[in-house]
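Spelled out, the chains give:
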Amino acid sequence: MTHICYKENNLCCEDVLLADLAEEYGTPLYVYSKNQFLENFHTLETALGEGDHRVCYALKANANPAILKLLAEHNAGADVVSGGELFLALKAGFSPDRIAFAGVGKREDEIEYALKNNVAFLNVESIPELQLVSRVALRLNTTARVALRINPDIDAQSHPYITTGLSENKFGIAAPKAMEAFTYAASLPSVEVRGIHVHIGSQITSAEPFVLTAQFVVTFVEQLRASGIAINHIDFGGGMGVRYFNAIHHEGLPKEDPAHDKIPEPADVIAAVAPLLRSTHCSLWLEPGRSILANAGVLLTRVAYIKDSGQKKFVIVDAGMTDLLRPSLYNAHHQIAPVAIETYEHELVDVVGPICETGDFFARNRTMNRVKSGDVLAVLTAGAYGFVNTSHYNGRPRPAEVLVNGERVRVIRQRETFEDLL
Ligand SMILES: Cc1ncc(COP(=O)(O)O)c(C=O)c1O
């Protein structure tokens, strides 16, 4: 993390003290570094080099309209998975010829909406969906440009809930049926089969599954061409992992398990697969979400109480699973650090929220800096799959979001009030 780091004992987002933001805007609060996510995006762009390519930001990771607008202004494409995300992408200014519409269960009205807006590609995941796309395109007197999502049965070695490329997963067309699906698609009216789409999972922490997938894609494109099906587009999906352990350093912070530190840089993953994929001379699209937004965001939360049960010490904070679901949903790890380091003393605690669920925790049996009631903590690497998964459960208004650019701070989503619960 470069734009979110300690300056002496104070955690900063760019040139702003996170403690000041908590004071001014209250907690829980999402804070994003504009320069961090733009840099992440440009790193991927640069890594893809000169050939025909596009980095399509996956809106599912973080769909704040201000963030989307900035990415659109920097010429990103968009990967959307619903009519709602398509609406947000169009509103933010993403040009339709840079938008890919994926999703395993698209509704007819969503397909119609995408076709009417002339999106670049519908990434189709099944034969019945293909038939529906053809019918809708015919009715609208248009042609649907389609990429077929193939499930290559490759293990992303990620959490089972975010592994999508195994034959047991619901996503894509099974590899053994892929050739038949392409042949069928090529026979359908109002459908133009342009490409192949793959996405084997998220938070993938080694290059190997990506390389295997690239090899699969290249072989398959050759087979398609040998059968007379001309493919000129590869959408290689997203999935590049980010560092959740030891995301931030300070001599006063406990060191986290180094076993999780060896994560390839997204640019290195691209360097490993791009030459292979380019050998097909197809245009190359990526759909990264996490690798653009995750390390650009933190969730600030204030310690409400310290409770010692005799068996355990609980740090009870004012954010909960309604504000950041990942720990409860996937047992996901987020480093948690005080915004102001006042002591180098460490202790073993559970960091829990106020929600009436035992699964409402941010950390269990975690060695952390000793904190007290009123202290503000930063839950790190929370910029992706954070705010998008917030809810009103337990009657909780959603938190605010602010964007930092150097010394400037802009509220990009107002904190909800009780009225918003109605
Ligand atoms: C089809 C598709 N593309 C792209 C992404 C973005 O993945 P990530 O945020 O891991 O880069 C996802 C997320 O699961 C996805 O399902």
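Everything numeric in this text was worked out from a predicted model, so none of it was measured.

Trainee: Please clarify how helix H2 (residues 34–47) should be interpreted in this entry.
Mentor: The periodicity of an α-helix, 3.6 residues per turn, causes residues three or four places apart in sequence to face the same way. The end-to-end C-alpha distance of H2 is 20 Å, a good match for the 20 Å that 14 residues give at a rise of 1.5 Å each. Positioned one or two residues after H2, Gly49 has a phi angle of 75°, which is positive.

Trainee: What exactly am I supposed to notice about the environment of Asn117 here?
Mentor: Mapped onto the elements, Asn117 comes out in the loop between helix H5 (108–116) and strand S8 (121–124). Look at Asn117 and you get partly exposed, because 14 C-beta atoms sit within 10 Å. Taking the C-alpha atoms as reference, Asn117 lies 8.9 Å from Leu90; in sequence the two are 27 residues apart. If we skip the residues at most four places from it in the chain, Asn117 touches Leu86, Leu90 and Pro96.

Trainee: Sorry if this is basic, but what is going on with the domain arrangement of the protein here?
Mentor: Bring the parts together and some accessible area is lost; that lost area is often taken as the interface size. Per the domain assignment, the segments of the protein are domain 1 (4–13 + 20–29 + 295–421) and domain 2 (34–292). Placing a centre on the C-alpha atoms of domain 1 and another on those of domain 2 gives a separation of 31 Å. Listed per partner, the contact involves 32 residues of domain 1 and 26 residues of domain 2. Those elements that provide at least two residues to the side of domain 1 that touches domain 2 are strand S1 (4–7), helix H11 (326–330), strand S18 (361–369), strand S20 (400–405) and strand S21 (408–413). Here the element with the most residues in the side of domain 1 that touches domain 2 is S20; it accounts for 4 residues. For the side of domain 1 that touches domain 2, a count of residues per class yields 19 nonpolar, 11 polar and 2 charged.

How each quantity is defined
Residues numbered from 1 in each chain as written. Predicted model: local features only at pLDDT ≥ 70, side-chain atom pairs only at ≥ 80, totals over all residues. Helix = DSSP H or I, 4+ residues; strand = E, 2+ residues; numbered from the N terminus. Expected span 1.5 Å × (residues − 1). Buried ≥ 20, exposed ≤ 12 C-beta atoms within 10 Å, placed from the backbone. Contact = placed C-beta atoms within 7 Å. Domains from an automatic or database assignment. Nonpolar A, V, L, I, M, F, W, Y, C, P; charged D, E, K, R; others polar.

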